[in-house]
Amino acid sequence: MVLKGMMTRPSGSHRDQLVMAAIALTNLLAPGYSNGVRFTPPADPAETVSTANAVCEHFYRKQVPFTEDEAERLLGLAGRLHELLLDLADDDLPTAVPKINALLAEFPAQLHLSSTPPWSLHYQDHSASAVEGWQVGCGAALASWVSSGATQYISRCAAVRCDRVFFDDTRSGTRRFCSPRCQNRDKVRAYRLRQAIANENAN
Ligand SMILES: [Zn+2]
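Residues numbered from 1 in each chain as written. Predicted model: local features only at pLDDT ≥ 70, side-chain atom pairs only at ≥ 80, totals over all residues.

Focus: the packing of helix α3 (residues 71-89) against helix α5 (residues 130-148)
Two packed helices can be described by the angle between their axes and the distance between those axes.
And then number 1: Between α3 and α5, the least distance of the axes is 10 Å, while the angle of their chain directions is 10 degrees. Judged on the interaxial angle alone, α5 and α3 are roughly parallel. Contacts between α3 and α5 involve Arg-73, Leu-74, Leu-77, Leu-81 and Leu-84 on the former and, on the latter, Val-131, Trp-134, Gln-135, Cys-138 and Leu-142.
And then number 2: Looking at the contact of α3 with α5 residue by residue, the class counts come to eight nonpolar, one polar and one charged. (Axes fitted to C-alpha atoms, helices over the stretch in contact; angles between N-to-C directions. Helix = DSSP H or I, 4+ residues; strand = E, 2+ residues; numbered from the N terminus. Parallel < 35°, antiparallel > 145°, perpendicular 65-115°, else oblique. Contact = placed C-beta atoms within 7 Å. Nonpolar A, V, L, I, M, F, W, Y, C, P; charged D, E, K, R; others polar.)

A closer look at unusual backbone geometry
And then number 1: Note the cis peptide between Pro-117 and Pro-118, where omega equals -5 degrees.
And then number 2: Inspection of the secondary structure assignment puts Pro-118 in the loop between β3 (112-113) and β4 (121-122).
And then number 3: Here the phi dihedral of Asp-91 falls at roughly 60 degrees; this positive angle occurs in a residue that is not glycine.
And then number 4: Within the fold, Asp-91 resides in the loop between α3 and α4 (93-106).
And then number 5: Assessed through the 12 C-beta atoms surrounding it within 10 Å, Asp-91 is described here as exposed. (Buried ≥ 20, exposed ≤ 12 C-beta atoms within 10 Å, placed from the backbone.)

Details of the environment of Gly-133
And then number 1: When you line up the elements, Gly-133 lands in helix α5.
And then number 2: Non-local contacts of Gly-133, meaning those with residues more than four positions away in its chain, are made with Val-64, Gln-124 and Ala-128.

In structure tokens:
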């Protein structure tokens, strides 16, 4: 385990924004568990697309909008990113790396520097569809995070029945839960467990 203090902190660069977008997309569109209940992505393509557009516009102002006919591919991408982010949260790089390379291999990258400030390295141009663009962009950004050790900042929620991921920017790297709700659920669970043990011992 590398100490976080020894690594370059994510800086808010375009690359880092892509990783944040990947995390947000998976938490809103990948099946699994969230806050103690089963989580299923929206069944309506229009809702899937509007959720993704809102997330991606938040992280990249000039994003090409997702279209409804991309909804299924978009859900597929969110699912793959989620699996990959869980591997990274578990520090399982031998499993994660081939998945990142698979994302990168499917579409060509169009590396270029933005022509106006803020100068940032882009991985796709605007001629690609939104799904292609985000697949290449998120894949490249995660690859860059792996190569700089920044994936130590990616964590998974420690509460039961929750597999959402988050960016842990605490100095100590000790954040354990995706949300205050999961933190409270875990507190209640631990309390009940202690009560049950105390009752057992009293009998
Ligand atoms: Zn959680």
